[in-house]
Amino acid sequence: GTYGDSEQMTSQFAACSFGQFQITNDYSRNIDDKLSDVGVMTVTINRSLTNSGRGAVYSAARTATETKLGYALPGNFDHVMFVLEDCYQDCGWAAYAYINAWGSVYK
């Protein structure tokens, strides 16, 4: 694990999915120049987290990511995780995703 941790996101997703969901940073395209860290891309959205609903925030994050990558999502990814810095409105959730979809959102 990272820094010697035996449990981290990769191990827990693999365990919960019985090995069917593997987190990797093995991309079919080289996007290293767009990453802020290994497997992490940081984007700024043009929406207020305090005055926008979660659908608007998701849409803005998706658009900003597609703009930075230069192609539409999901592109070469099987799954894309959006992590928000915090939740400021309608915060009765820790994460959400859509059924049979490639994206999920975490706070």
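One structure accompanies this document, and this report is about it. (Residues numbered from 1 in each chain as written. Predicted model: local features only at pLDDT ≥ 70, side-chain atom pairs only at ≥ 80, totals over all residues. Heavy atoms only, no water.)

## Let's talk about the packing of aromatic side chains
Item 1. By the definition in use, this model includes five aromatic pairs.
Item 2. Aromatic pair Tyr 58 and Tyr 98: ring centres 6.0 Å apart, planes at 70°, arrangement edge-to-face. Remark: Tyr 98 occurs in the loop between strand E2 (95-97) and strand E3 (103-106) and Tyr 58 occurs in helix H2 (residues 54-69); sequence separation between them is 40 residues.
Item 3. Under the relative-accessibility criterion, Tyr 98 is labelled partly exposed at 45%.
Item 4. Taken together, a centroid distance of 5.1 Å and an interplanar angle of 80° make the contact between Trp 93 and Tyr 96 edge-to-face.
Item 5. An aromatic cluster is present here, built from Tyr 58, Phe 82, Trp 93, Tyr 96 and Tyr 98 joined pairwise through their rings.
Item 6. A cation sits over an aromatic face here: Arg 29 above Tyr 71, 3.8 Å from the ring centre. (Phe/Tyr/Trp six-rings, centres within 6.5 Å; stacked < 30°, edge-to-face > 60°. Helix = DSSP H or I, 4+ residues; strand = E, 2+ residues; numbered from the N terminus. Buried < 20%, exposed > 50% of the residue type's maximum accessible area, 1.4 Å probe, protein only. Lys NZ or Arg CZ within 6 Å of the ring centre and 35° of its normal.)

## Structural notes on unusual backbone geometry
Item 1. At the junction of Leu 73 and Pro 74, the peptide bond is cis and its omega measures out at 15° in the coordinates.
Item 2. With respect to the helices, strands and loops of the structure, Pro 74 is situated in the loop between H2 and strand E1 (80-83).
Item 3. In this structure, Phe 18 is a non-glycine residue whose phi angle is positive, near 55°.
Item 4. Mapped onto the elements, Phe 18 comes out in the loop between helix H1 (9-16) and H2.
Item 5. When its relative accessible area of 76% is taken as the criterion, Phe 18 is described as exposed.

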